[in-house]
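In case you want the letters, here they are:
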Amino acid sequence: MMDNLFNLSGKIALVMGGSGNLGTAEVDALAAYGAKVISAHRTIPSKTRENVTHLSADFSKEEEFLSVFETVKKEWGKIDILVNNAAYGGGSGGKGLSLEMEHFDNESWNQGIDGNLGLCFKSIRAAIPLMKEKGGSIINIASMYGVVSPDPSIYGDSGNNSPVTYGVSKAGVLQLTRYAAAHLAKYNIRVNAITPGPFPNEKTLSNKEFSQKLADKTMLKRVGKSEEICGATILLASDASTFMTGSNITIDGGWTAW
């Protein structure tokens, strides 16, 4: 058994939001360890790898969101691993939203919360019927900003500011993880979270001054590389973590431990 702790052969993994900075790395890692991966996202990437199927869906549209789970049920009949890495609207970082709280309208608030926390809940709910017979592992991607507040002084006019909905949603994802773990244990469905720290995408990295400010906030004095989330993902997806549920793994270079 010890030789096969991380082997995912025969497992069906659904990654919601598999085309983003972290999602792409997670999809590749799950496939590399033997899982059949279904990567659901809004835009199909130009490059793909063996053992990965891509499904296109706009998660803000209920019928398209549900179609992902309907397709998985029809084609594969089950889900062994669910990675909740998707968000839309304000929940994905506040695109198009006013960043000042006094100007944050109700519509933006509701969209931001639903686009992150709400989508995570809906994904868990939709996956339960496809997991409850044989059990499985749900991995929710939270954020350091669900644990600590963004430091406004490092953002300035970088355009990378994190809106109030983002941190509030990610804090909710952590509590949702604990709640779901407690209530789904009877089905042998394990629910855990990963809390990433600064993992900037290529566009953010191009802003050298801002990227350095992010790096300086960590104990390791650097930002994360997308592949550095994969170890925790494979751990939680595999038999190496069969006695883990309701847990949270923080990967932030020490940011939240100061």
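See the structure printed just above.
Description of the structure in this document. (Residues numbered from 1 in each chain as written. Predicted model: local features only at pLDDT ≥ 70, side-chain atom pairs only at ≥ 80, totals over all residues. Heavy atoms only, no water.)

## Focus on the overall build of the chain
- Summing up its helical and strand segments, the chain has 7 helices and 7 strands in all.
- Put simply, the chain runs from its N terminus to its C terminus through helices and strands in the order β-α-β-β-α-β-α-β-α-β-α-α-α-β.
- Against the compact-globule benchmark of 18 Å for 258 residues, the chain has a radius of gyration of 18 Å, which places it among compact chains.
- Per-residue burial over the chain gives 48% buried out of 258 residues.
- Roughly 12800 Å² of accessible area belongs to the chain as shown, and the carbon and sulfur atoms make up 51% of that amount. (Helix = DSSP H or I, 4+ residues; strand = E, 2+ residues; numbered from the N terminus. Rg over C-alpha atoms; globule rule 2.2 N^0.38 Å. Buried < 20%, exposed > 50% of the residue type's maximum accessible area, 1.4 Å probe, protein only. Areas by Shrake-Rupley, 256 points an atom, 1.4 Å probe, with all protein chains shown as cover.)

## Here we look at the packing of aromatic side chains
- All chains considered together, the criterion is met by 4 aromatic pairs.
- Centroid distance Tyr155 to Phe210: 5.2 Å. Interplanar angle 50°. Geometry classified as tilted. Pair noted here: Tyr155 is in the loop between β5 (136–141) and α4 (164–184) and Phe210 is in helix α6 (residues 208–216), with a separation of 55 residues, a long-range link.
- A relative accessible area of 7% places Tyr155 in the buried class.
- Residue classification places Phe210 among the buried residues on the basis of a relative accessible area of 4%.
- Ring pairing ties together the aromatic residues Phe59, Phe65 and Phe69, which thus form one cluster. (Phe/Tyr/Trp six-rings, centres within 6.5 Å; stacked < 30°, edge-to-face > 60°.)

## Brief notes about the sheet that holds strand β7 (residues 248–251)
- Pairing is parallel in the open sheet, where 7 strands are placed in the order β3-β2-β1-β4-β5-β6-β7. Where the open sheet ends on each side, the last strands, each with one partner, are β3 (52–56) and β7. When strand polarity is set aside, the average angle formed by the axes of neighbouring strands in this sheet is 15°.
- Where strand β1 (residues 12–16) meets strand β4 (residues 81–84), 4 bridges bridge the pair, whose relative direction is parallel. Following the sheet pairing, Met16 is matched in β4 by Asn84.
- Packing against the sheet, helix α1 (residues 21–32) makes contact with β1, β2 (36–41), β3, β4, β5 and β6 (189–196), and its axis sits at approximately 165° to β2.
- In this fold helix α3 (residues 106–131) packs onto β1, β4, β5 and β6, with an angle of close to 175° to the strand it touches most, β4. (Pairing = 2+ DSSP bridges. Axes fitted to C-alpha atoms, helices over the stretch in contact; angles between N-to-C directions. Contact = heavy atoms within 4.5 Å.)

## Thoughts on the side chain of Asn140
- With respect to the secondary-structure elements, Asn140 resides in strand β5.
- Among the residues examined, Asn140 registers a relative accessible area of 0% and is labelled buried.
- A polar contact of 2.9 Å, which involves the side chain of Asn140, links it to the side chain of Asn84.
- Asn140 has contacts with Asn84, Cys120, Ile124, Val173, Thr177, Val191, Asn192, Ala193 and Ile194, leaving out every residue within four places of it along the chain. (Polar contact = N/O pair within 3.5 Å; in protein donor to acceptor, adjacent residues only side chain to side chain.)

## Looking at the nonpolar core
- Counting 34 residues, the largest nonpolar core has Leu14, Met16, Phe59, Val68, Phe69 and Ile79 as the members making the most contacts within it.
- Secondary structure elements with two or more residues in this core: β1, β2, α2 (62–75), α3, α4 and β6.
- If one sorts the elements of this core by residue count, α3 sits on top with 7 residues. (Core = buried A, V, L, I, M, F, W, Y, C linked by side-chain atoms within 4.5 Å.)

## Describing unusual backbone geometry
- A positive phi angle is found at Asn188, which is not glycine, with a value near 60°.
- Looking at the secondary structure, you find Asn188 in the loop between α4 and β6.
- Even without glycine at this site, Lys221 takes up a positive phi of about 60°.
- Relative to the elements of secondary structure, Lys221 occurs in the loop between α6 and α7 (230–237).
- What makes Lys221 partly exposed here is its relative accessible area of 45%.

## Brief notes about the pattern of salt bridges
- Evaluated as defined, the whole model comprises 6 salt bridges.
- Note that Asp80 and Lys78 form a salt bridge whose closest N and O atoms lie 3.1 Å from each other.
- Residue class for Asp80 comes out buried when judged on its relative accessible area of 9%.
- The shortest N-O distance in the salt bridge between Lys122 and Asp114 comes to 3.1 Å.
- Classification of Asp114 as partly exposed rests on a relative accessible area of 25%. (Salt bridge = Lys/Arg side-chain N within 4 Å of Asp/Glu carboxyl O.)

## Here we look at the state of the cysteines
- Counted according to the given criterion, the structure contains 0 disulfides.
- The structure places no disulfide on Cys120, whose sulfur is separated from the nearest cysteine sulfur, that of Cys230, by 19 Å.
- What makes Cys120 buried here is its relative accessible area of 5%. (Disulfide = S-S within 2.5 Å.)

Functional significance is not addressed by these values, which are geometric in nature.
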